[in-house]
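Residue-level structural notes
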Amino acid sequence: MKRSDLQHKARQYINGRWETGVTTGISRNPSDTGEVVAEYARADRSQAERAIRAAADAFASWSHSTPQRRADALDQIGSEILARKDELGLLLAREEGKPLPEAVAEAARAGQIFKFFAGEALRSPGETVASLRPGVQVDVTREPVGVVGLITPWNFPYAIPAWKIAPALAFGNSVVFKPSELVPACGWALAEIISRAALPAGAFNLLMGSGREVGQAIVEHPAVDALSFTGSVPVGERLLQAGAARRARLQLEMGGKNPLVVMADADLERAVECALQGAFFSAGQRCTASSRLIVESSVHDSFVARLRQRMAALKVGHALEPGIEIGPVVDGPQLQRNLDAVQAAREEGAEHVWGGDLLQRASPGHYMSPALFLAQPEHRVARDEIFGPVACVLRADDYEHALQLANDTPFGLCAGICTRSLAHATHFRRHAKVGMTMVNLPTAGVDYHVPFGGRKASSYGPREQGRQAAEFYTVTKTGYMQA
Ligand code: NAD
């Protein structure tokens, strides 16, 4: 097959129809930058306006559709994603650079998420409560919120949209979805599958384009009742100001600087694997990546030596090459930010252990070796989210010191500990100031049927995923009645 045959033409999906944009953009393969993966239609403000109006109009019928209809639609979407996971995974690997097996697994995860929320659509949450007054009945029901604007990043181009779109539709909301400009074809492929489900025209809309134009149009529009955003802290902060000013319901998932504590009593081999996986897989481009490895003094040197040895053996290369463990980083600007962070770490006096070099491979791509530093808590490499394969090790005197270092960050998404001590594991689970804890597991890698989210600068608003997704995608109504 010629390369041009693999090029996708991605269009907007507005009010049940496919539309071209005023302008077009392209996405490139980060493993081989000469390869254009997709040419996509970029929406402008007037298309965004029409999509939002269509969603508002469709809400009247979709919000009153039966749970069975919603469950069937989501189940059909989930089934098609699962049946096409290899093809979808290939597209993701080409557009975002995730190694193919991981990309296929992410596509499958998206299918499972739709299946999960097909079930949730049937379990409309609510309760009946005894009233304080005789003869009075009280019930608490949940209703859909309205039009929800979903704005997503590039690092999980199927899974994150799926865990927003599926609950939004399951509970009867209508959707305006804007994927990241770096992965338009993945967003379009998902929309193409959703377009075949029996939804009323306008209940689901896809808008591709820039954050500043299309994203902002969604954020500012008074007909958008709720906004769910995953992305960087600065964009999330702007969204918080603009959304709160017009009283939109908000859910923001942002950055992380997640700690993995390694205690002296840990199974060291397992701890090294947790660190390697959590810090460097997916090229460190996961909000749950363990970029701060906090190691108890007595095992510090042997942990670092073993981790260095494992890092040196990691296979970095083209996302479609068999056996590759780490693909390229997503684009040129991200690669440059990672290399700048490596340079800054050297300049601020962090001790370089391994990597952080630009790599040449057979195809021109954004390749770098994973980097490790020994840092002090005040170093920027230990404080700022880099969102690349760059991690640091901090030395801890004992458990109390390790916990203090773990919590010494503006972020609070996820925290892990490797230990054989039940007392330390239990204490850490209770005292880590985060939304998710891991014991003897990498910080990255979560289930889809339980809540996902963090505290402090990492998250704002109700949790995503699992049954708790209903908190954001429904509003509570309390009814009193006397017969
Ligand atoms: P980003 O903030 O640059 O972009 C995210 C989305 O917001 C994109 O669709 C973009 O077009 C849009 N956007 C940009 N400017 C906008 C504006 N002014 N108004 C409205 N929308 C706008 O983030 P990214 O580079 O795509 O993703 C990387 C970031 O995402 C990292 O910081 C990472 O930690 C975070 N992330 C967080 C989680 C989580 O659940 N906590 C998960 C994955 C990624």
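Here the structure is a predicted model, which means the values were calculated and not measured.

1. Topic: the overall build of the protein chain
- Along its length, the protein chain carries 14 helices and 23 strands.
- Taken over the C-alpha trace, the protein chain has a radius of gyration of 23 Å; the compact-globule value for 483 residues is 23 Å, and the two agree within 12%.
- Considering only C-alpha atoms, the protein chain reaches an extent of 70 × 70 × 40 Å along its principal axes.
- A total of 483 residues make up the protein chain; the buried ones form 58% of that total.
- Within the protein chain, counting contacts between residues at least 6 apart in sequence, those at least 24 apart form 73% of the total.
- Entry remark: accessible area of the protein chain is about 19400 Å², with carbon and sulfur atoms responsible for 51%.
- Computed over 52 positive and 52 negative side-chain charges, the inter-centroid distance for the protein chain is 3 Å.

2. Describing the nonpolar core
- Phe114, Tyr158, Ile165, Leu199 and Phe204 are the most contacted members of the largest nonpolar core, which totals 71 residues.
- Once residues lying within four places of it in the same chain are set aside, the contact partners of tyrosine 158 are Leu88, Gly89, Leu91, Leu92, Glu106, Ala107, Ala110, Cys186, Ala189 and Leu190.
- Membership of the second largest hydrophobic core comes to 62 residues, among which are Ala279, Val390, Leu394 and Leu403.

3. Points about a positive patch on the surface
- The grouping of Arg430, Lys433, Arg455 and Lys456 at the surface amounts to a positive patch.
- Tracing the chain through its elements places arginine 455 in strand 21 (residues 455–456).
- Its relative accessible area of 42% is what places arginine 455 among the partly exposed residues.

4. Quick word on the environment of leucine 190
- Within the secondary structure layout, leucine 190 lies in helix 6 (residues 184–194).
- Overall, leucine 190 belongs to the buried group, its relative accessible area being 2%.
- Considered as a pair, leucine 190 and isoleucine 81 are 109 residues apart in the sequence and their alpha carbons are 8.0 Å apart.
- Residue contacts for leucine 190: discarding those within four places in its chain leaves Ile81, Pro157, Tyr158, Pro161, Ala162 and Ile165.

5. What about the side chain of serine 174?
- Tracing the backbone shows serine 174 in strand 9 (residues 174–178).
- A distance of 2.7 Å separates a polar side-chain atom of serine 174 from the backbone oxygen of alanine 55.
- In this view, serine 174 contacts Ala55, Phe59, Trp62, Gly146, Val147, Val148, Gly202 and Ala203; residues no more than four positions away in its chain are not counted.

6. Things to note about the pattern of salt bridges
- For the structure shown, the criterion picks out 22 salt bridges.
- When the shortest N-O distance is used, the salt bridge between arginine 123 and glutamate 120 registers 2.9 Å.
- One salt-bridge network, held together by shared partners, links Glu80, Arg84, Glu87, Glu192 and Arg196.

7. Considerations on the side chain of serine 458
- In this structure, serine 458 sits in the loop between strand 21 and strand 22 (459–460).
- Classification of serine 458 as buried rests on a relative accessible area of 0%.
- Apart from residues no more than four positions distant in its own chain, serine 458 is found in contact with Leu252, Glu253, Met254, Gly255, Gly256, Phe411, Gly412 and Leu413.

8. A closer look at the site of the ligand
- Taken together, 27 residues are adjacent to the ligand, and Thr152, Glu181, Ser232, Met254 and Glu385 come closest.
- Side-chain polar atom of tryptophan 154 to an oxygen atom of the ligand: 3.0 Å apart, as the coordinates give it.
- Glycine 231 is positioned such that a nitrogen or oxygen atom in its backbone is 3.3 Å from an oxygen atom of the ligand.
- Computed on the free molecule, the ligand has an accessible area of 850 Å², of which 90% lies beneath the protein chains in the complex.
- Contributing elements (two or more residues each) for the shell around the ligand: helix 7 (211–220) and strand 11 (226–230).
- Examining the composition of the shell around the ligand, we find that four residues originate from one element, helix 7, more than from any other.
- Here the residues of the shell around the ligand are counted per class, giving 13 nonpolar, 10 polar and four charged.
- Built from parts of two domains, the shell around the ligand gets at least three residues from each of domain 1 (3–254 + 458–482) and domain 2 (259–447).

9. Quick notes on the domain arrangement of the protein chain
- Entries for the protein chain in the domain assignment read domain 1 (3–254 + 458–482) and domain 2 (259–447).
- Look at where the C-alpha atoms of domain 1 and domain 2 centre, and you get two points 31 Å apart.
- Taken together, the contacts link 26 residues of domain 1 with 29 residues of domain 2.
- Interface area for domain 1 against domain 2, summed over the two sides, is near 2100 Å², with a carbon-plus-sulfur share of 57%.
- Contact with domain 2 buries surface across domain 1, with Ser31, Trp154 and Ser458 losing the most and accounting together for 25% of the total.

10. Structural notes on the packing of helix 4 (residues 100–122) against helix 5 (residues 159–170)
- Helix 5 packs onto helix 4 with a crossing angle of 15° between their chain directions and a minimal axis gap of 9 Å. Between helix 4 and helix 5, the crossing angle belongs to the class labelled roughly parallel. In the packing of helix 4 onto helix 5, the handedness of the crossing is right-handed. Residues Glu106, Arg109, Ala110, Ile113, Phe114, Phe117 and Ala121 of helix 4 form the contact with helix 5, whose participating residues are Ala159, Ala162, Trp163, Ile165, Ala166, Pro167 and Ala170.
- Split into classes, the residues belonging to the contact of helix 4 with helix 5 amount to 12 nonpolar, no polar and two charged.

Calculation rules
- Residues numbered from 1 in each chain as written.
- Predicted model: local features only at pLDDT ≥ 70, side-chain atom pairs only at ≥ 80, totals over all residues.
- Heavy atoms only, no water.
- Helix = DSSP H or I, 4+ residues; strand = E, 2+ residues; numbered from the N terminus.
- Rg over C-alpha atoms; globule rule 2.2 N^0.38 Å.
- Buried < 20%, exposed > 50% of the residue type's maximum accessible area, 1.4 Å probe, protein only.
- Contact = heavy atoms within 4.5 Å.
- Areas by Shrake-Rupley, 256 points an atom, 1.4 Å probe, with all protein chains shown as cover.
- Lys, Arg positive; Asp, Glu negative; His and termini not counted.
- Charge placed at Lys NZ, Arg CZ, Asp CG, Glu CD.
- Core = buried A, V, L, I, M, F, W, Y, C linked by side-chain atoms within 4.5 Å.
- Patch = residues over 30% accessible without salt bridge, like charges linked within 9 Å, V, L, I, M, F, W, Y side chains within 5 Å.
- Salt bridge = Lys/Arg side-chain N within 4 Å of Asp/Glu carboxyl O.
- Polar contact = N/O pair within 3.5 Å; in protein donor to acceptor, adjacent residues only side chain to side chain.
- Near = heavy atom within 4 Å.
- Nonpolar A, V, L, I, M, F, W, Y, C, P; charged D, E, K, R; others polar.
- Domains from an automatic or database assignment.
- Buried area = accessible area lost by both parts, 1.4 Å probe.
- Axes fitted to C-alpha atoms, helices over the stretch in contact; angles between N-to-C directions.
- Parallel < 35°, antiparallel > 145°, perpendicular 65-115°, else oblique.
- Left-handed = near helix turned anticlockwise from the far one by under 90°.

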